[in-house]
Amino acid sequence: MIDRLRRVLRVARWEVARAGGGVDRRTLAAALALLLVAGAVLGGGLAVGAVGLDVDRDVYRVAVDGDSPYADAVEEAPALTPVPVEGAELGDSADLVVFDRRSESGGVETVAVRASDTRKGEAAAAEFREAVEAHNERLMAAEENATAAFPVTVTLRYVGRTSALDEGSTLGEDGGGSGDGIGGDGAGGGAGDDGSEGDAGGADGDSTDGGSAGGGFAVPSVGGGAFGADTVGSPGSISPPFPFVSLLLAFVFLVPMNFLIQAYGSSVLDERTNRRGEPLLVTPLSPVDIVAGKTLPYVAAAVLVTTLIAVAVGGGPLSVAAVLPVALTFLAATFVGAMFARSFKELTFVTVGVSVLLTTYAFVPAVFTNVTPVALVSPLTLVVFDLQGEAVSAGEALFSTAPMALGAALLFGLGLGVYREEDMFTQKPVARKLLDALAVRLSAVEDAGLGDLVDRRRLRALGSVAFLTACAIPFVFVAELLAVATLFALPVTVSIPVLLVTIAFVEEVAKSVHLYAGFERGVFARTDRVAVAVGLASAVGFFLAEKATAVVQAVGLTELYVGRAAFGSVAGVEGLSPVVLAALLFAPLVLHGFATTVAAVGASRDRTYYALTLALATLVHAAYNFGVVSLHG
């Protein structure tokens, strides 16, 4: 083990020296200078308050006198820009004008507010009204007698979208000063001091005297409270959380990955196109040692950058651990693409596709943090929880990170299948290299009679088919989770039919594509008996590995309707008789056996037959999924 580690580190040092030597020193110096200048400008802007996280700063111009009672409210509102009243023209130099009518003694007697007769003027008036209310809230919060300023005590608790009301809780009890309300579908809603819950999702919090409500969507300070929901003040000012932090974190943590995969993919492809990797192949090093050594510097860079970002936003070790599987998947997918691509042009398409797909997988679910359990599909949700200081269970952490971690390991294994001279330095099409990478993991299956079915070598070969199918489960799981995360917000009349067909197609491809590779590369004999044998072996492997998806129940994903559609075989089985449970347990095995055998028979013929039988298997599988959804309601 120590000798292998030394070999890996030797390759890693060589990769760092080679990659560093490919960057011109002047270019590196210029890049560092630009980073320093940008950092100085940004830091100085934050220090003086000229730069912030307000995306709607200085949108509307409000003409107001400096000694007006409304001047402070306008000054404190980021979206409002105060301009002098004298010479202000409504609709031209000002969107809204505040007229102070003063008495003979000089005091303000009445105030008139006029907005321009435009949509912008209406928006400016609404923003002005909110600014005045917020200013009044701050004034009352500064009062020493908090109960006089806020005589209403509010208890605010955000709960999950699918959580039910506490048993016995009602709306409207003890009406005195309670902020009752049930939020809409996955949107807002607060909870009064009578225990009524709102449907918003998030952390629990109790109010203090004076009406302050805790437990909002807040993270450690990053230039102010721009990330948090307003949970302190009167009931009318309390707002549900908006997952803006999820959007920001998705970009902050994922942007560096795109630069890393560009450098990593270029390094791998350069060794292939210029045959620089040939000397490594003739060394005593194994392909695993070579690839591990080449990848290690980029993994270290990803960990370093992720750690710096996590520290900057107030994260901890959980944030780094959550992003690491994402970084590994980025690198693994890029490695496979670089091994398959024939030119840098093809590699560009691969890296763009990898970036879009994985960013979507990590970004879309994180948008719904504190709204639905579907957010745990993305490892970035763990980052948000870490920043909020919320506890994360081991099951939730495993559910978020395990699929991508296993997927990364299997992608590296797939790329290693073609890390050999006959594939690295040839101009085979991408599809042919994919078939080579799959076929190299299979053992030969020859035609045999019924009496030879228990032959040890034959069973070992069928075992390799089942194992390779089982290895596809993480990819299937990731694809299904992405489908759920993408479709769950659509109407069920649209999302469910699309989801049923998508799930069926993904699973049938995962069970049969390597069978097609085995027939195409001559690993399997092209007979119906062999096709049935490998089809059943693939179905058994998929069935056994599929049961691992029962983990979705641990995080409540099957409480969503589309979650039951995707993972119906593990949902809604409570209270059923043992006979029914056994039937439900083995029904998927019968389905997989039939559908995969049909696709395997087509794969044993040619590509056209395989496409047709794959479509037929998908339709059969989709019909079964529809029955499962109907059964579980």
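None of the values given here were measured: they were computed from a predicted structure.

**Focus: the overall build of the protein**
When its secondary structure is counted, the protein shows 21 helices and 4 strands. Contacts in the protein between residues far apart in sequence, at least 24 positions, make up 68% of those at least 6 positions apart. Summing over all exposed atoms, the protein offers an accessible surface of approximately 30,400 Å²; the carbon and sulfur share of this is 63%.

**A look at helix α10 (residues 344-366)**
The α-helix advances 3.6 residues per turn, and as a result positions three or four apart in sequence lie on the same side. For α10, which comprises 23 residues, the first-to-last C-alpha distance of 32 Å matches the rise-based estimate of 33 Å (1.5 Å per residue) to within 8%. T360 marks where α10 bends most, by close to 25°. Those residues of α10 lying buried are L347, T351, V354, S355, L358, Y361, A362, P365 and A366.

**Structural notes on the confidence of the model for the protein**
Mean pLDDT over the protein stands at 74; residues scoring 70 or higher make up 69%. The low-confidence segment residues 161-232 (pLDDT under 50) makes 184 contacts with residues lying over four places distant or belonging to another chain. Note on residues 551-566: pLDDT is under 50 here. Beyond four places in sequence and across chains, it has 55 contacts.

**Overview of the nonpolar core**
Grouped together as the largest cluster of nonpolar side chains are 86 residues, with contacts concentrated most on Y264, F330, F335, M339, L380, F524 and V534. When residues in this core are grouped by element, the largest group, 14 residues, is from helix α9 (residues 317-340). Beyond its immediate stretch of four places on either side in the chain, V534 contacts V445, L462, V465, L515, F519, F524 and A600. Counting 16 residues, the second-largest nonpolar core is a separate cluster that includes V62, A71, L96 and V98.

**Points about the environment of A73**
Looking at the secondary structure, you find A73 in helix α3 (residues 71-76). The sequence separation of A73 and A131 amounts to 58 residues, and the corresponding C-alpha distance is 5.8 Å. If we ignore the near neighbours within four places in the chain, the residues touching A73 are A131, V132 and H135.

The rules behind each value
Residues numbered from 1 in each chain as written. Predicted model: local features only at pLDDT ≥ 70, side-chain atom pairs only at ≥ 80, totals over all residues. Heavy atoms only, no water. Helix = DSSP H or I, 4+ residues; strand = E, 2+ residues; numbered from the N terminus. Contact = heavy atoms within 4.5 Å. Areas by Shrake-Rupley, 256 points an atom, 1.4 Å probe, with all protein chains shown as cover. Expected span 1.5 Å × (residues − 1). Bend = angle between axes of the 7 residues up to and from the residue. Buried < 20%, exposed > 50% of the residue type's maximum accessible area, 1.4 Å probe, protein only. pLDDT = per-residue confidence, 0-100. Core = buried A, V, L, I, M, F, W, Y, C linked by side-chain atoms within 4.5 Å.

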